[in-house]
Amino acid sequence: MVQGIVNWSTELNEEWLQNYVDDWVAFYRKHTKDGEVASYIPKLQEANPHHLGITIIGNNGLEISSGDVEIPFTIQSISKVISFIVACMERGVSYVLDRVDVEPTGEAFNSIMHIEMNQVKKPFNPFVNAGAITITSMLNGNTSDEKLASILNMLEKMLGYRPVLDVDIYESERDSSMRNRAIGYYLLETGLLESDLNITLETYFKQCSIEISVHDLAKIGLILANDGFDPQRNEEIIPRQIARITKALMLTCGMYDASGKFATYVGVPAKSGVSGGIIAVAPPRVRDEAMPFLSGCGIGVFGPSLDDKGNSVAGIRLLRHIASQWDLSIF
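Summary of the structure given here. No experiment lies behind these values; they were computed from the predicted model shown.

1. Quick look at the packing of helix α6 (residues 144-159) against helix α9 (residues 197-208)
Alright, step 1. Closest axis-to-axis distance for the α6/α9 pair is 8 Å, and the angle between their directions is 40 degrees. The orientation of α6 with respect to α9, classified from their angle, is oblique. The two elements α6 and α9 cross, and the hand of that crossing is right-handed. Within the contact between the two elements, α6 uses S144, D145, K147, L148 and I151 and α9 uses I199, E202, T203, K206 and Q207.
Alright, step 2. Among the residues making up the contact of α6 with α9, the classes are represented as three nonpolar, three polar and four charged.

Shown next, in the form of structure tokens:
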């Protein structure tokens, strides 16, 4: 049973924290029945809807993992965080934000209605598909593999190894993503794409099909929690300004059209993907009482059963509980 409010000042050792997280994962695994796996990409339908796992990595070196953390999955829309960072580093923040805005939409992630209805000259933010495809078109390279290499290079710097593509997911996504192709043609017609349409879309499908783990998401989250600095290797990976803009976008736009509710009830920057992954960022915070991960942490969650917004249904509830118990909210 999920515990109530806890006096963490007496229970901050690793064994206690591990037991609590194990208990919470076991409890919220039951909530996976309230959602469904993604169906619009055929290969994603093969995921086990009952999987749920979490990894938390703290600035102090403490790492807690529980549940189905050994299951690899594709990064999907969480790749938008990486492509935005790379585009800003390659082209400059001003260049990128002149072409993609930073406003929430209130619309589904694969909608272009807000662009047409408002007659705007650029996508609302980098985390809706229209904005993400525009960002991908900005990446350096003349082929999809060259563009993808810049994303893989960044992931390799963050993770210490070079991730690979899940070819089956890539081919399934490439062959079924009619909506993204329609978005691409709309962007081409309006002059927003900066590279060939087919090359841009191929890159986008590939970046979404990069295979990662819950641990990988937590590690990326840890770096963002420290404004782009990797405390484990004592090295700056992302310029501070870019890391901070990225976190602001994650907070306001990262959970599709449920971003406002997530910010209200969980209160940390996060980004989800339709494979069931969520990356969450808890920066260092000042509290009078002792709390777990007070110096900051990165959190990775995997739970492929999704709600009607495309977010992990059990993953969000698990994050909300942890954020409440550990007072992680940045507000």
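2. Description of the environment of F331
Alright, step 1. Along the chain, F331 turns up in the segment after α13 (313-326).
Alright, step 2. You can call F331 exposed: its relative accessible area is 65%.
Alright, step 3. Linking F331 and V268, residues 63 residues apart in sequence, is a C-alpha distance of 8.5 Å.
Alright, step 4. The contact partners of F331, leaving out residues within four places of it in the chain, are L251, A263 and G267.

3. Regarding the packing of helix α2 (residues 79-91) against α6
The relative placement of two packed helices comes down to the angle between their axes together with the axis-to-axis distance.
Alright, step 1. Axis separation between α2 and α6 bottoms out at 9 Å; the angle between their running directions is 105 degrees. Looking at the two axes, α2 sits roughly perpendicular to α6. Facing α2, whose interface residues are I82, S83, I85, V86, M89 and E90, α6 presents S150, I151, M154, L155 and M158.
Alright, step 2. A breakdown of the residues in the contact of α2 with α6 according to their chemical character gives eight nonpolar, two polar and one charged.

4. A word on the side chain of S259
Alright, step 1. Within the secondary structure layout, S259 lies in helix α12 (residues 259-265).
Alright, step 2. A polar contact of 2.9 Å, which involves the side chain of S259, links it to the backbone nitrogen of M255.

5. Looking at the pattern of salt bridges
Alright, step 1. Inspection of the entire model under this criterion finds 14 salt bridges.
Alright, step 2. Its salt-bridge partner being D145, residue K206 comes within 2.8 Å of it at the nearest N-O pair. A residue pair is termed long-range when its members are at least 10 positions apart, and K206 in helix α9 and D145 in helix α6 qualify at 61 residues.
Alright, step 3. The salt bridge partner of K219 is D230, with a shortest N-O separation of 3.3 Å. With K219 in helix α10 (residues 214-225) and D230 in strand β5 (residues 229-230), this residue pair connects regions lying 11 residues apart in the sequence. Side by side, K219 and D230 carry an identical accessibility label, which is buried.
Alright, step 4. Here the salt bridges share partners, and the residues they tie into one network are R91, R99 and E194.

Parameters and conventions
- Residues numbered from 1 in each chain as written.
- Predicted model: local features only at pLDDT ≥ 70, side-chain atom pairs only at ≥ 80, totals over all residues.
- Heavy atoms only, no water.
- Axes fitted to C-alpha atoms, helices over the stretch in contact; angles between N-to-C directions.
- Helix = DSSP H or I, 4+ residues; strand = E, 2+ residues; numbered from the N terminus.
- Parallel < 35°, antiparallel > 145°, perpendicular 65-115°, else oblique.
- Left-handed = near helix turned anticlockwise from the far one by under 90°.
- Contact = heavy atoms within 4.5 Å.
- Nonpolar A, V, L, I, M, F, W, Y, C, P; charged D, E, K, R; others polar.
- Buried < 20%, exposed > 50% of the residue type's maximum accessible area, 1.4 Å probe, protein only.
- Polar contact = N/O pair within 3.5 Å; in protein donor to acceptor, adjacent residues only side chain to side chain.
- Salt bridge = Lys/Arg side-chain N within 4 Å of Asp/Glu carboxyl O.

None of the figures reported here should be taken as evidence of function without further support.
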